[in-house]
Amino acid sequence: MTFRFDLVADSGHFQFADRGWDKIRFHLLEFQPAKKVILVGAPPSRIRVVSHGDQTEVAPALLARVEELAGTSLAVEWLD
């Protein structure tokens with residue numbers, strides 16, 4: 001079973017620091033765990049995550065790390 005959610009930038013866009021996108025993908029793939037993580041929009045304003053298993057909340061520490069790397073606060077929007 002899989003579920004999907006978007007991490008939406010509150011400020012409307014991301015401000016990735018040094019290799020920020022690569023680090024975000026790594027953290028979500030490893031610790032969510034996710035099977036797919038992509039940027040959505042032009043310019044990107046969402047991170048779409050497809051995760052394994054039953055729907056669970058995004059861990060607060062993981063969300064905080066992703067926000068730090070994205071350079072903006074994020075809201076979680078559940079898609080399924």
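Calculation criteria
Residues numbered from 1 in each chain as written. Predicted model: local features only at pLDDT ≥ 70, side-chain atom pairs only at ≥ 80, totals over all residues. Heavy atoms only, no water. Salt bridge = Lys/Arg side-chain N within 4 Å of Asp/Glu carboxyl O. Helix = DSSP H or I, 4+ residues; strand = E, 2+ residues; numbered from the N terminus. Buried < 20%, exposed > 50% of the residue type's maximum accessible area, 1.4 Å probe, protein only. Pairing = 2+ DSSP bridges. Axes fitted to C-alpha atoms, helices over the stretch in contact; angles between N-to-C directions. Contact = heavy atoms within 4.5 Å.

J.: For the pattern of salt bridges, give the residues involved together with the corresponding values.
T.: All chains considered together, the criterion is met by five salt bridges. Taking the shortest distance from any N to any O, the salt bridge between Glu77 and Arg46 comes out at 2.9 Å. You can see Glu77 sitting in strand E4 (residues 74–78) and its partner Arg46 sitting in strand E3 (residues 44–52), a full 31 residues away along the chain. Taking the relative accessible area as the measure of exposure, Glu77 reaches 34% and is therefore partly exposed. For Arg46, a relative accessible area of 23% corresponds to the partly exposed category. Note that Arg65 is salt-bridged to Glu68, the shortest N-O span being 3.0 Å. Taken together, the positions of Arg65 and Glu68, both in helix H2 (residues 60–70) and three residues apart, correspond to about one turn of that helix. On the basis of relative accessible area, Glu68 is assigned to the exposed category, the value being 57%. Here the residues in one salt-bridge network are Asp6, Arg46, Arg48 and Glu77, joined through shared partners.

J.: Any details on the sheet that holds strand E2 (residues 34–41)? Residues and values, ideally.
T.: Within a sheet, each strand pairs with its neighbour through backbone hydrogen bonds, oriented either parallel or antiparallel. In space, the four strands of this open sheet follow the order E2-E3-E1-E4, with antiparallel pairing throughout. Lying at the two open borders of the sheet, with one neighbouring strand each, are E2 and E4. The average undirected angle you get between the axes of adjacent strands in this sheet is 25°. The sheet strands contacting helix H1 (residues 20–31) are strand E1 (2–9), E2 and E3, and the helix crosses E2 at an angle near 145°. Contacting E1, E3 and E4, H2 runs over the sheet at an angle of about 120° to E4.

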